[in-house]
Amino acid sequence: MPSVGFSSSCNFKGDHFFFDPAIYTVHRTVTAADDHTMAEASKAAVVPWRQWAFANFTSLWFVLAPLASLLAAYAPRRLFQTYFNLFLRRRVLNVVDPYATIDISDTSSDVRYSRYGRVSDTDTTYEEVKAYLSEACLQQEDARELRAEGAKDGDALVDVADEFRGASLWWSSVVEDDVRDGFKEKRRFHRLTFHLRHRRLVVDEYLPHILFTNRRRTLYTNSKSRGRLAWSYIDFDHPTTFDTLAMDRAKKKDIMDDLDAFRNNKEFYRRTGKPWKRGYLLYGPPGTGKSTMVAAMANYLDYDIYDVELTVVKSNTDLRKLLIETTSKSIVVIEDIDCTLDLTGDRSKQQGRRPKNDRYDDDKDRSMVTLSGLLNFIDGLWSACGGERIVVFTTNHADKLDPALIRRGRMDMHIEMSYCGFKAFQTLAKNYLDIDGHESCSEAKLTPADVAECLMKAKRAAGSGEPSTCMQVLIRELEKRAEEKAKAEAEAEAKARAEAEAAMAEADATEMDPDNSREDRQDDARTF
Ligand SMILES: Nc1ncnc2c1ncn2[C@@H]1O[C@H](COP(=O)(O)OP(=O)(O)OP(=O)(O)O)[C@@H](O)[C@H]1O
């Protein structure tokens, strides 16, 4: 959560309100020219006033004193204090100083705690505001660049006046000493000052405007450091968009419409009692763009990505902890889910088959996340926390997954990523060679990754980038790839056929001469 706090500051000086009636009276009565007259006049004015005050104070005291002691005895002290703090003081202060400030602190040195203990810090609000201020500074000629006291060398901080819908706002950078548990640290924050009457505008519109337009997407991944599982993160800066994604246009539009419907229908989800989340299963052969699709989704929705590495998650509880720490407006991805874990629940079947990127030798380091743990992760009670979340599984073999894992409702949309068709080829030709509406397309089953590689080669080989030369190289390259692929497939097929024939021949031999084979088995037994 962004650390945004309100404070109303006030330079209240008591002497502004100091009032001495005696002196006031004396000055008003100084009209005579000589000292004697002045002294007489002052005596004449002061004495009756003092007498009046003394007489009234005494009688007032007799009235107020019992009232005060009654109040002190019976009035609830807290109520009194609250009333004073919330009402009287605020009223007075607002008249004296009608400006409010919001501090957005740099939390990089702070530590956040969840109910499970210390967690990684993931608040990037400070950096987003800084990006906004740097931009504003470039645009405003009168914005002063200054270094706040205590800032590190080379760290230019800004003092910027801004305007939003007619409201004037001022930003300044502040560095303060912060003493916690006996340790002194520098606390850095951006301070926004504005008139109190713009409070709603600032909170509801201005700050979201800054944080949204300067929001940098983040790619998180879970890792283990010193035995503790936490999200680590980097800026997510993937250039893929739905425009550059090569796939059938109608299919692409379907996906974009579905994402729009998800994003814009918060109210619908609330009304129908459904948690605001959606699951996508991306399946297809390697190199058909499953990971690329996730990047395109994140860029389209402007969401962060949480890339879950299941092999380092030891238990269902750890998985749940990770889930709780994800924020809304995010895509949680589990890639190659079929090879990451044994999700059948029968671990004995998995002996000898290690996960793709298993780095651990001991069984104690193996992930014990179960199918039910994963199902809970997707749509258990915890999964609804935060809302506006998308879950994506990618796999090369959808048929290997447990049907419970991918049933509609969990994985709402199943998207097949397939070989490069005509439209996909055109998109790639446009992306790589800047050629529009090219007619040729390989008949072979090439993945977009294969085609992309050919296009890169064609561009390199053509050197000058002349489209016609490029195309010749490309067509040659595609044909070569297609031949290689056909050859590899034919070889694989021939091998599989030979193996099947050998197995059938062995079975026939056993059937025709059962005694012989029994003798063989007895011989084997004697040898042992
Ligand atoms: N549909 C596509 N549109 C544009 N580029 C693509 C597409 N598919 C693949 N590519 C290119 O091929 C590369 C590999 O694609 P990607 O990693 O997305 O495939 P994948 O299906 O996730 O593969 P794997 O199953 O092995 O993880 C990408 O970097 C991208 O350049």
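This one's a predicted model, so the numbers in the text were calculated from it and none came from an experiment.

1. Thoughts on the overall build of the chain
Then comes step 1: The helix and strand inventory of the chain stands at 16 helices and 15 strands.
Then comes step 2: Sorting the 528 residues of the chain into buried and exposed places 35% on the buried side.
Then comes step 3: Counting only contacts in the chain whose residues sit at least 6 apart along the sequence, the fraction spanning at least 24 positions is 67%.
Then comes step 4: Carbon and sulfur atoms make up 54% of the accessible area of the chain, which totals about 32800 Å².

2. Side note on the confidence of the model for the chain
Then comes step 1: Per-residue pLDDT for the chain averages 72, and the proportion of residues at 70 or more is 62%.
Then comes step 2: With pLDDT under 50 throughout, residues 109-121 is counted as low confidence; its partners more than four residues away or in other chains account for 26 contacts.
Then comes step 3: Here residues 344-362 is modelled with pLDDT under 50, and outside its nearest four sequence neighbours on either side it reaches 24 contacts, counting other chains as well.

3. Things to note about the site of the ligand
Then comes step 1: Lining the immediate environment of the ligand, one finds 16 residues, of which A246, G287, K290, S291 and T292 sit closest.
Then comes step 2: Between K290 and the ligand, the recorded distance is 2.8 Å, taken from a side-chain N or O atom to an oxygen atom.
Then comes step 3: Taken by itself the ligand offers 620 Å² of open surface, and the protein chains cover 72% of this.
Then comes step 4: Of the residues contributing to the shell around the ligand, the split by class is eight nonpolar, seven polar and one charged.
Then comes step 5: When residues of the shell around the ligand are assigned to domains, at least three fall in each of domain 3 (228-416) and domain 4 (422-510).

4. As for the side chain of T311
Then comes step 1: Mapped onto the elements, T311 comes out in the loop between β12 (304-307) and α9 (316-324).
Then comes step 2: Within the structure, the side chain of T311 is placed 2.7 Å from the side chain of E309, a separation counted as a polar contact.

5. A short note on the packing of helix α6 (residues 249-264) against helix α8 (residues 290-301)
Then comes step 1: Relative to each other, α6 and α8 sit at 45 degrees, their axes nearing to 11 Å. As judged from the angle between their axes, α6 and α8 are oblique. Considering only the axes of α6 and α8, their crossing is right-handed. Contacts between α6 and α8 involve I255, M256, L259, D260 and R263 from the first element and M293, M297, Y300 and L301 from the second.
Then comes step 2: Looking at side-chain class alone, the contact of α6 with α8 contains seven nonpolar, no polar and two charged residues.

6. Remarks on the packing of aromatic side chains
Then comes step 1: Scanning the model with the defined rule gives ten aromatic pairs in all.
Then comes step 2: Both rings, one in W171 and one in Y206, keep their centres 6.5 Å apart while their planes meet at 35 degrees; by these two values the pair is tilted. One end of the pair, W171, is in strand β7 (residues 167-180); the other, Y206, is in helix α5 (residues 199-213), and 35 residues separate them in sequence. Of the two residues examined, W171 and Y206, each falls in the buried class.
Then comes step 3: Over the face of the ring belonging to Y300 we find R263, whose NZ or CZ atom lies 5.4 Å from the ring centre.

7. Brief notes about the pairing of β12
Then comes step 1: Looking at chain direction, β12 and strand β13 (residues 330-334) are connected through four bridges and run parallel. Along β13, the bridge assignment pairs Y306 with V332.
Then comes step 2: With α9 bridging β12 and the parallel β13, this β-α-β connection has right-handed handedness.

8. Overview of the pattern of salt bridges
Then comes step 1: One pass over the structure, following the stated rule, counts ten salt bridges.
Then comes step 2: A salt bridge links R497 to E493, with the nearest nitrogen and oxygen atoms 3.6 Å apart. Of this pair, R497 and E493 are both found in helix α15 (residues 467-512), four residues apart, which corresponds to roughly one turn of the helix.
Then comes step 3: Accessibility expressed as a relative area gives 48% for R497, which makes it partly exposed.
Then comes step 4: For E493, a relative accessible area of 51% translates into the label exposed.
Then comes step 5: In the salt-bridge network here, residues are joined through shared partners; they are D258, R278 and D412.

9. Digging into helix α11 (residues 371-379)
Structural remark: α-helix, 3.6 residues per turn; residues separated by three or four positions point the same way.
Then comes step 1: Those residues of α11 that fall on the buried side of the exposure criterion are L371, G373, L374, L375, F377 and I378.
Then comes step 2: Taken together, the buried residues of α11 touch β11 (277-283), α9, β13, α10 (337-340), β14 (389-395) and α12 (403-406).

10. Quick word on α6
Then comes step 1: The first and last C-alpha atoms of α6 sit 22 Å apart over 16 residues, in line with the 22 Å expected at 1.5 Å per residue.
Then comes step 2: Close packing links the buried residues of α6 with α7 (266-272), β11, α8, β14 and β15 (413-416).

11. Let's talk about the environment of G421
Then comes step 1: Mapped onto the secondary structure, G421 falls in the loop between β15 and α13 (422-433).
Then comes step 2: G421 sits 25 residues away from L446 along the chain, and the two C-alpha atoms are 8.7 Å apart.

12. Concerning the pairing of β15
Then comes step 1: Every second residue of β15 is oriented toward a common face, the buried set being M413 and I415 and the non-buried set H414 and E416.
Then comes step 2: Summarising the sheet, β11 and β15 pair through four bridges and their orientation is parallel. In the sheet register, Y280 faces β15, and the bridge partner there is M413.

Definitions and limits used
- Residues numbered from 1 in each chain as written.
- Predicted model: local features only at pLDDT ≥ 70, side-chain atom pairs only at ≥ 80, totals over all residues.
- Heavy atoms only, no water.
- Helix = DSSP H or I, 4+ residues; strand = E, 2+ residues; numbered from the N terminus.
- Buried < 20%, exposed > 50% of the residue type's maximum accessible area, 1.4 Å probe, protein only.
- Contact = heavy atoms within 4.5 Å.
- Areas by Shrake-Rupley, 256 points an atom, 1.4 Å probe, with all protein chains shown as cover.
- pLDDT = per-residue confidence, 0-100.
- Near = heavy atom within 4 Å.
- Polar contact = N/O pair within 3.5 Å; in protein donor to acceptor, adjacent residues only side chain to side chain.
- Nonpolar A, V, L, I, M, F, W, Y, C, P; charged D, E, K, R; others polar.
- Domains from an automatic or database assignment.
- Axes fitted to C-alpha atoms, helices over the stretch in contact; angles between N-to-C directions.
- Parallel < 35°, antiparallel > 145°, perpendicular 65-115°, else oblique.
- Left-handed = near helix turned anticlockwise from the far one by under 90°.
- Phe/Tyr/Trp six-rings, centres within 6.5 Å; stacked < 30°, edge-to-face > 60°.
- Lys NZ or Arg CZ within 6 Å of the ring centre and 35° of its normal.
- Pairing = 2+ DSSP bridges.
- Right-handed = clockwise from strand over helix to strand, strands pointing away.
- Salt bridge = Lys/Arg side-chain N within 4 Å of Asp/Glu carboxyl O.
- Expected span 1.5 Å × (residues − 1).

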